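Observations on chain architecture
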Amino acid sequence: MNIEKIKEFNQKILAIFGSLAILLIAILIIWLLSSLFHDFSSRRDSVTEIVSNEKASENYEKNIRTHQVSFEDFKLVDSVNLIYIIPVSQTALELAEYVDKKNKSKDGTMGLLNMYSDFDNFYYDYYSYNNLLIYDSRDASIQKLFETRISINKINLEKIGNKFYILLAATDRDTNKDGILDKNDFKTLYIYGTINKKLIGIESENTDFVNYEIIKGKNVLVIKYGLDKNKNGYYGWDEPMIMKVYNIDKDTLSELIEPELISDLQNTLDGKK
């Protein structure tokens, strides 16, 4: 047997295995970097939910702050009029801060005097905002959209009839009484026009806003609501869904399907005819 050929064969085998090892190491490094980046992104996207108005009032009376406002996004929503939005999110403080309600710091926030650790830290995985700022780059003005405590679960940008609108699903009441304002409470659909700078809440009694559909060629939305039939403050999977029509120009909300037709359909389902 030729010794030189054996050596040459072994060297080729070693070279192949060496190349495979380098490739595997490179893949492992890329995977680790990707995992670290994903983990960092997940931590930034996981925002503390908003406690109920009752819990917030209780904390405030005790001079306790458990959350801090945070600004992490800046998005163009009207390319014609150069209007941007700045969602206002919140972070949970590792330790609650004492709030001096008499004195304010230079940055406009309540003065922070010391740390207070005996509190419940409300932390949840899904995303929400506590307000929305409208930035008009033409004059650098900023408008706060809501004056009261609210939890915004969704923010959509829509172009309807050549006009830009911001549509928000938000809640300001702890309807299911779990101590937080979140997507499980009754939500209201809000619509904000970037041209008229007007915010409208589309109210529907005893319902939870679910979704909407824009009728093409018309300034009209078909809105889906979950009906809280058992009136427990929460829309469950076993409760019915209804649809209503909202006219943007007239600011009117009406039934999409007439009650008589609904009754007729129910009679058919019940086997009455």
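If you're wondering where the values come from, they're calculated on a predicted model, not measured in any experiment.

So, how was this worked out
Residues numbered from 1 in each chain as written. Predicted model: local features only at pLDDT ≥ 70, side-chain atom pairs only at ≥ 80, totals over all residues. Heavy atoms only, no water. Helix = DSSP H or I, 4+ residues; strand = E, 2+ residues; numbered from the N terminus. Buried < 20%, exposed > 50% of the residue type's maximum accessible area, 1.4 Å probe, protein only. Contact = heavy atoms within 4.5 Å. Areas by Shrake-Rupley, 256 points an atom, 1.4 Å probe, with all protein chains shown as cover. Salt bridge = Lys/Arg side-chain N within 4 Å of Asp/Glu carboxyl O. pLDDT = per-residue confidence, 0-100. Polar contact = N/O pair within 3.5 Å; in protein donor to acceptor, adjacent residues only side chain to side chain. Patch = residues over 30% accessible without salt bridge, like charges linked within 9 Å, V, L, I, M, F, W, Y side chains within 5 Å. Pairing = 2+ DSSP bridges. Axes fitted to C-alpha atoms, helices over the stretch in contact; angles between N-to-C directions.

**Looking at the overall build of the chain**
When helices and strands are tallied, the chain shows three helices and 16 strands. Considering the chain as a whole, with its 273 residues, one finds that 35% of them fall into the buried category. In the chain, once contacts between residues fewer than 6 apart in sequence are set aside, the share between residues at least 24 apart is 49%. Within the structure as shown, the chain displays about 17700 Å² of accessible surface, and the carbon and sulfur contribution to it stands at 56%.

**Structural notes on the environment of methionine 241**
Looking at the secondary structure, you find methionine 241 in strand 15 (residues 241–247). The sequence separation of methionine 241 and valine 210 amounts to 31 residues, and the corresponding C-alpha distance is 8.8 Å. With residues near it in sequence (within four places) discarded, methionine 241 still touches Val210, Lys224, Tyr225, Gly226 and Tyr235.

**Re the pattern of salt bridges**
Under the counting rule described, the total for this entry stands at seven salt bridges. Here arginine 138 and aspartate 136 are joined by a salt bridge, their closest N and O atoms 2.9 Å apart. Measuring nitrogen to oxygen at the nearest pair gives 3.1 Å for the salt bridge that ties lysine 187 to aspartate 208. Of this pair, lysine 187 sits in the loop between strand 10 (180–181) and strand 11 (188–193) while aspartate 208 is found in strand 13 (residues 207–214), placing the two residues 21 residues apart along the sequence. A single salt-bridge network, built from bridges that share partners, covers Asp136, Arg138 and Lys197.

**Side note on the confidence of the model for the chain**
Per-residue confidence for the chain gives a mean pLDDT of 78; residues scoring 70 or more make up 73%. Here residues 37–47 is modelled with pLDDT under 50, and outside its nearest four sequence neighbours on either side it reaches 11 contacts, counting other chains as well. Here residues 104–126 scores under 50 on pLDDT; set against residues more than four positions off or in separate chains, the count is 56 contacts.

**With respect to the side chain of glutamine 90**
Within the secondary structure, glutamine 90 is located in strand 4 (residues 83–104). Under the relative-accessibility criterion, glutamine 90 is labelled buried at 4%. Polar side-chain contacts of glutamine 90 include one of 2.6 Å to the side chain of asparagine 130.

**Some remarks on a nonpolar patch on the surface**
Where nonpolar side chains cluster on the molecular surface, the patch consists of Ile13, Ile16, Phe17, Leu20, Leu23, Leu24 and Ile27 and spans about 690 Å² of accessible area. Note that leucine 23 resides in helix 1 (residues 3–45).

**So, the sheet that holds strand 14 (residues 220–227)**
The strand order across the open sheet built from four strands is 13-14-15-16, with neighbouring strands paired in antiparallel fashion. Looking at which strands have only one partner, the edges of the open sheet turn out to be strand 13 and strand 16 (252–255). Looking at each pair of strands side by side, their axes are set apart by 30 degrees on average, direction ignored. With seven bridges connecting them, strand 13 and strand 14 associate as antiparallel partners. Along strand 14, the bridge assignment pairs asparagine 211 with lysine 224.

**Topic: the sheet that holds strand 8 (residues 151–160)**
Spatially, the four strands line up as an open sheet ordered 8-9-11-12, and their pairing is antiparallel. At either end of the open sheet lies a strand with only one pairing partner, and these are strand 8 and strand 12 (198–202). Taking the axes of each pair of neighbouring strands and ignoring which way they run, one obtains an average angle of 20 degrees across the sheet. Summarising the sheet, strand 9 (residues 163–171) and strand 11 pair through six bridges and their orientation is antiparallel.

**Regarding the pairing of strand 9**
For strand 9, a buried count of eight out of nine residues is recorded, marking the element as mostly surrounded by other parts of the structure. Relative to strand 9, strand 8 runs antiparallel, the two sharing nine bridges. Across the sheet, the residue bridging to lysine 159 is phenylalanine 164, located in strand 9. The turn linking strand 8 back onto strand 9 is made up of two residues, and glycine 161 within it adopts a positive phi angle of 60 degrees.

**With respect to the environment of lysine 144**
In this fold, lysine 144 is placed in strand 7 (residues 141–144). You can call lysine 144 partly exposed: its relative accessible area is 40%. Once the C-alpha coordinates of lysine 144 and valine 88 are considered, the two residues, 56 residues apart in sequence, prove to be 9.8 Å apart. Not counting the four nearest positions on each side in its chain, lysine 144 is found in contact with Asn131, Leu132 and Leu133. Separated by 3.4 Å, the side chains of lysine 144 and glutamate 147 make a polar contact.

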